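Spelled out, the chains give:
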Amino acid sequence: MKIAALRLYNVKRFARRGVAIENIGDGVNVLCAANEYGKSTSFEALHALFFQPHTSARSEVKRLQPYSGGNPMVEADIVVPEGRFRLTKQFLGGRRATVERLDDGRLIAQADEAERFIAGLIRGGTAGPAGLLWVRQGITGLGDRARKEEDEERQVRESLLSSVQGEVEAVTGGRRMSDIMAACQDELSVLVTAGGRPKANGPYAEALERRNALAEAEKRLAGEVAILREALDRRARLQRELTELSDPDEQAARREAVVKARAALDHAKSHAERLKAAQAQAGLARNQAEAAARELAAFREALHRSAVARTELRSAQERRTLALARRAEAARAIDEAMAQTRVAEAEEAAARARVARLDAALLARRAAQEIEALRERLARAEAKRGEVEAAEAALALIAVPAGAVEALQTLENDIVALRAAREAGLPSVLLDYEPGVATPVLIDGALLPPGEPRPVSDRARLTIAGLGTLTLRANRPEAGDGRLEAAQARLRDRLAALGVADLSEARRREARARDASAALELLRLDLRHLAPEGLAGLREDVARRAALAPKSAEEAVDLAGDPEQARQAREAADRSVQAARNAAAEVEPLHRHAGEAVTAAETAYLTLKAECERLDAGLGPDETRPAQEARLAASHEALATTLRERDAAAAQLLAGAPDLQSAEAVLRRATSAEEAARQQQERLQLELAGLYAEIRTRSDDAVEEAWREAAEALEAASKRVAAFEAEVALLNKLASTLSEARAAARDLYLQPVIGELRPLLGMLFDDVSIVFDEKTLLPHTIRRNGQDEEIDRLSGGMREQLSVLTRLAFARLLAQGGRPAPVILDDALVYSDDDRIERMFEALHRQSLDQQIIVFSCRQRAFSKLGGQVLRMEPWQPAGL
């Protein structure tokens, strides 16, 4: 089995979020990260996926839950000979277990069936291969486990060794071998204990004590002699160094260097201040010169634009004069055509009136009865309309404008252009009253003043007392579209807005305007009630009924005329009117085009005139412009000269400026050198005083003579101990030889794992062999340099190295037996030194040729040399969350 990916969600520190370790391959896979990154969390989650049922509520499962609660979920992709599968378990709330085949995405097992599938992969739970080969954080030795876990691993080792070694050969040594071994043990018991240590109060122990006491004394005296000799040598060195530091010439040189450095620094600071002032003056002159250049360029540009604008203004004035002449000529032509049309219309109106009077003879009486009521309603409606207009005028006076005054000039130009266009296209009515006329003529219900032209946009009704109503038609598209009145209203509103004193006044006016608007709406409702179709419709009703009634005795006589003749006369008059209108329509386009040309010319003229006036206002009178340009040019040249002079002065100062930072550094170095020499002299004098006292004290004690005597006594004691050691070694050799003969069969039993372990040990240790315990089937002692050492007495680093190597050997045996399982190490190498850990890396790569190895470690710098595939934790979100 090989692990291809691991994913976990809401596990321990990953509350409400998920992480994934993807692309786990063959060979060595390494995840190196800082503490608290989630490596051990990943190991525990993977362990729970394989060894804890999804229905479990054991402490191992509850420890996976974050402090904030929730349901831990673990997912792993595995590769087995049958294919690739995805194992998923969710613990505590929403418990579930599923197995999905990745090759076709099919769900093949869930719940208990999924648990059985996973159990088949690990074959024996924690007592199976994974329990033996997965080393969690903190388990650095071979026996650092609970008793139950150790028994389970022993069962795995026994089963494994039995599967690779068919039978165990039995050997017996006989009675004689037992007697020899007993005698050997009796001799050893006099000298050493069963553990191989010297026996208390025995000759070997006494010799060791004597030798050790002498060795301690010799070591102490040798140390004192070495200290004395070192003190003498150091005194000589310090005296030479103090002599060199106390040389008057050297002291004077150091003092002179400080004085020169300080003077150079003062000069550099002064020069820097002058340079700073010169650069500031140059910057000021540059700003002034640039401003003068911009002012001169703007003046010359305005002169050029003024000349061009004057030329264009003269051309525009000529085009305007020509356009006015053409419009006047077109107006005369259209006036003549309109005069003919009016004559024809008058004849047609008379004929139509006669026909109408004939047709309305039967309705005359009823019209006479209704006309008074309609006139009364008309009078009331006109009065109400006057009230509405008055209310509208009052509302316009107090309304708060919504705009600003920036567009006043634009509005003025628009008004001029619109007025010119309106006057060019509208006909007008001019009436001069005969002396003594008492009743004036009304136009659309209003008084027509004498001698004042009144424009007619489309149609106008002239009410002539005693005669009737005269209708005037322009018979042309209306030139005005209301834009002129709108522009004038906007201008008045903006001027009124500029006259508001403050915001409160504007708000009070707005409140009054709302009240006036409400009252105006009531008046409009009354007006619509009196005249639903408007005043024009009501007037037409009055006019129609007035037209039905006879106006005079002559008209009453005409009613007796021949209707058919009247209709023929009306048709002849209609044809005359149509012919006159056609003639006027032929002339009207010429007049319209002439009016448009006048409007365009007038607009261009006024625009250019305003531009010339603006430029003249900025440039001043013509006679002063040459002098103004000369003054600006002279000012610019003077400022440019000043700028060049100040730039040159600043550049000269900058070129000769000393390096301020270098001067400061030189002063710091000289001062620190002088101070360091003074402090060194004081330290040397103090240290020499201590050395003199120490040397005098040790010389009085004669430590060298005492050391030589202790060395001679130690040599004799060491020879006696060596004799005992040789005797013990000989007896141990005899006992080991006999034991080896007896253990030959046991060695055959353990030979497969020893065979796998031997090359791994050779990569780390020189001349090291391992003895396995026949009960636990784990390394019990090691032998190196001819000495046996128990595993428990080894250093933590060596024990963890042996633990990892032993598991690698068992992993190779499992793979050879058809039960491959990945080796997972969670911070399993924490006490190894740099040299050993690199050799362990080589051992891991050696075993990874046909084995998957996954390593978690927080030692990022050390494990960067491991190589292999680098794993990373990436954010992961389960599907459906």
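The paragraphs below set out a description of the structure included in this document. Computed from a prediction, not measured in an experiment: that's the story for all the values here. (Residues numbered from 1 in each chain as written. Predicted model: local features only at pLDDT ≥ 70, side-chain atom pairs only at ≥ 80, totals over all residues. Heavy atoms only, no water.)

Digging into the overall build of the chain
Next, step 1: Within the chain, the regular secondary structure consists of 22 helices and 21 strands.
Next, step 2: In the chain, which comprises 881 residues, the proportion classed as buried is 35%.
Next, step 3: Relative to all contacts within the chain whose residues are 6 or more apart in sequence, the contacts with residues 24 or more apart total 73%.
Next, step 4: Total accessible area computed for the chain in this model is approximately 51,000 Å², and 52% of it derives from carbon and sulfur atoms. (Helix = DSSP H or I, 4+ residues; strand = E, 2+ residues; numbered from the N terminus. Buried < 20%, exposed > 50% of the residue type's maximum accessible area, 1.4 Å probe, protein only. Contact = heavy atoms within 4.5 Å. Areas by Shrake-Rupley, 256 points an atom, 1.4 Å probe, with all protein chains shown as cover.)

Focus: the pattern of salt bridges
Next, step 1: Enumeration over the complete set of coordinates arrives at 18 salt bridges.
Next, step 2: A salt bridge links Glu 60 to Arg 58; the shortest N-O distance between them is 3.4 Å.
Next, step 3: When its relative accessible area of 47% is taken as the criterion, Arg 58 is described as partly exposed. (Salt bridge = Lys/Arg side-chain N within 4 Å of Asp/Glu carboxyl O.)

A word on the packing of helix 1 (residues 39–51) against helix 3 (residues 112–122)
Next, step 1: Where helix 1 contacts helix 3, the two axes come as close as 8 Å, and the packing angle between them is 110°. The angle between the axes of helix 1 and helix 3 places the two elements in the roughly perpendicular class. The residues of helix 3 that touch helix 1, namely those facing Leu 49, Phe 50 and Phe 51, are Ile 118, Leu 121 and Ile 122.
Next, step 2: When the residues that make up the contact of helix 1 with helix 3 are grouped by side-chain class, the tally is six nonpolar, no polar and no charged. (Axes fitted to C-alpha atoms, helices over the stretch in contact; angles between N-to-C directions. Parallel < 35°, antiparallel > 145°, perpendicular 65-115°, else oblique. Nonpolar A, V, L, I, M, F, W, Y, C, P; charged D, E, K, R; others polar.)

Considerations on the environment of Glu 434
Next, step 1: Among the secondary structure elements, Glu 434 is positioned in the loop between strand 9 (428–429) and strand 10 (442–443).
Next, step 2: For Glu 434, a relative accessible area of 58% translates into the label exposed.

Considering the packing of aromatic side chains
Next, step 1: Per the stated rule, a full pass over the model turns up one aromatic pair.
Next, step 2: Judged by centre distance (5.2 Å) and plane angle (55°), the ring pair of Phe 85 and Phe 117 falls under tilted. Taken together, the residues span a long stretch of sequence, with Phe 85 in strand 5 (residues 83–90) and Phe 117 in helix 3 at a distance of 32 residues.
Next, step 3: Stacked on the ring of Phe 14, the Lys or Arg Arg 13 has its end atom at 5.1 Å from the ring centre. (Phe/Tyr/Trp six-rings, centres within 6.5 Å; stacked < 30°, edge-to-face > 60°. Lys NZ or Arg CZ within 6 Å of the ring centre and 35° of its normal.)

Points about empty space enclosed by the protein
Next, step 1: Enumeration over the complete set of coordinates arrives at five cavities of 30 Å³ or more.
Next, step 2: The computed volume of the largest cavity comes to approximately 60 Å³.
Next, step 3: If you list the elements that add at least two residues to the lining of the largest cavity, you get strand 1 (2–11) and strand 19 (853–857).
Next, step 4: Among the residues making up the lining of the largest cavity, the classes are represented as nine nonpolar, no polar and no charged. (1 Å grid on protein atoms, 1.4 Å probe; cavity = no way out; pocket = protein on both sides within 12 Å on 5 of 7 lines; lining within 4 Å. Points joined across faces, edges and corners; volume = space filled by probe spheres on them.)

As for the sheet that holds strand 6 (residues 96–101)
By definition, the strands of a sheet pair up through backbone hydrogen bonds, in either a parallel or an antiparallel sense.
Next, step 1: In spatial order, the strands read 7-6-5-4-1-2-21; together these seven strands make up an open sheet with antiparallel pairing. A single partner strand is all that each edge strand has here, and the edge strands are strand 7 (106–110) and strand 21 (873–876). Adjacent strand axes in the sheet meet at a mean angle of 25° when their direction is disregarded.
Next, step 2: Pairing analysis gives four bridges linking strand 2 (residues 14–21) to strand 21, with the strands arranged antiparallel. Paired with Val 19 across the two strands is Pro 875, which belongs to strand 21.
Next, step 3: Running at roughly 105° to strand 1, helix 1 makes contact with strand 1, strand 2, strand 4 (73–80), strand 5 and strand 21 of the sheet. (Pairing = 2+ DSSP bridges.)

Description of the side chain of Lys 384
Next, step 1: Note on placement: Lys 384 falls in helix 9 (residues 364–398).
Next, step 2: Since its relative accessible area comes to 18%, Lys 384 is described here as buried.
Next, step 3: When neighbours within four sequence positions are excluded, Lys 384 is seen to be in contact with Leu 523, Asp 526, Leu 527 and Leu 530.

Concerning the nonpolar core
Next, step 1: In terms of nonpolar packing, the biggest core is built from 38 residues, with Leu 46 and Phe 50 touching the most fellow members.
Next, step 2: Every element with two or more residues in this core is listed here: strand 1, strand 2, helix 1, strand 4, strand 5, strand 6, helix 3 and strand 19.
Next, step 3: By residue number, the principal contributor to this core is helix 1, which donates seven residues. (Core = buried A, V, L, I, M, F, W, Y, C linked by side-chain atoms within 4.5 Å.)

Structural notes on the pairing of strand 5
Next, step 1: Burial analysis of strand 5 places six of its eight residues in the buried class, the great majority of the element.
Next, step 2: Where strand 4 folds back on strand 5, the antiparallel hairpin that results is connected by two residues.
Next, step 3: Both strand 5 and strand 6 contribute to a ladder of six bridges, which runs antiparallel. Along strand 6, the bridge assignment pairs Thr 88 with Thr 98.
Next, step 4: In this antiparallel pair of consecutive strands, strand 5 and strand 6, the connection spans five residues, and Leu 92 shows a positive phi of 65°.

Quick look at the sheet that holds strand 11 (residues 446–447)
Next, step 1: Read across the open sheet, the four strands follow the order 11-10-13-14; overall the sheet is antiparallel. In this open sheet, the two edge strands, each paired with only one partner strand, are strand 11 and strand 14 (468–473).

Structural notes on a negative patch on the surface
Next, step 1: Side chains of Glu 241, Glu 244, Asp 249 and Glu 250 sit close together on the surface and give a patch of like negative charge.
Next, step 2: Of all the elements in the fold, those that place two or more residues in the negative patch are helix 7 (203–245) and helix 8 (248–359).
Next, step 3: Note on placement: Asp 249 falls in helix 8. (Patch = residues over 30% accessible without salt bridge, like charges linked within 9 Å, V, L, I, M, F, W, Y side chains within 5 Å. Lys, Arg positive; Asp, Glu negative; His and termini not counted. Charge placed at Lys NZ, Arg CZ, Asp CG, Glu CD.)

Let's talk about helix 16 (residues 625–655)
Next, step 1: Under the 1.5 Å per step criterion, the end-to-end length of helix 16 is 45 Å for 31 residues, consistent within 8% with the ideal 45 Å.
Next, step 2: For helix 16, the full list of buried residues reads Arg 625, Leu 632, Ala 640, Leu 643 and Ala 650. (Expected span 1.5 Å × (residues − 1).)

Concerning the side chain of Thr 88
Next, step 1: On the secondary structure map, Thr 88 appears in strand 5.
Next, step 2: Residue classification places Thr 88 among the buried positions, given a relative accessible area of 6%.
Next, step 3: A distance of 3.4 Å separates the side chain of Thr 88 from the side chain of Glu 75, its partner in a polar contact.
Next, step 4: Among residues more than four places away in sequence, those in contact with Thr 88 are Leu 49, Met 73, Val 74, Glu 75, Arg 96, Ala 97 and Thr 98. (Polar contact = N/O pair within 3.5 Å; in protein donor to acceptor, adjacent residues only side chain to side chain.)

A closer look at the environment of Leu 418
Next, step 1: Relative to the helices and strands, Leu 418 resides in helix 10 (residues 408–425).
Next, step 2: The spatial distance from the C-alpha of Leu 418 to the C-alpha of Ala 487 is 8.9 Å, given a sequence separation of 69 residues.
Next, step 3: Setting aside its immediate chain neighbours within four residues, Leu 418 contacts Arg 483, Leu 484 and Ala 487.

Here we look at unusual backbone geometry
Next, step 1: Here the phi dihedral of Leu 92 falls at roughly 65°; this positive angle occurs in a residue that is not glycine.
Next, step 2: Along the chain, Leu 92 falls in the loop between strand 5 and strand 6.
Next, step 3: Taking the relative accessible area as the measure of exposure, Leu 92 reaches 16% and is therefore buried.
Next, step 4: You will see that Asp 444, though not glycine, has its phi angle at about 55°, which is positive.
Next, step 5: Along the chain, Asp 444 falls in the loop between strand 10 and strand 11.

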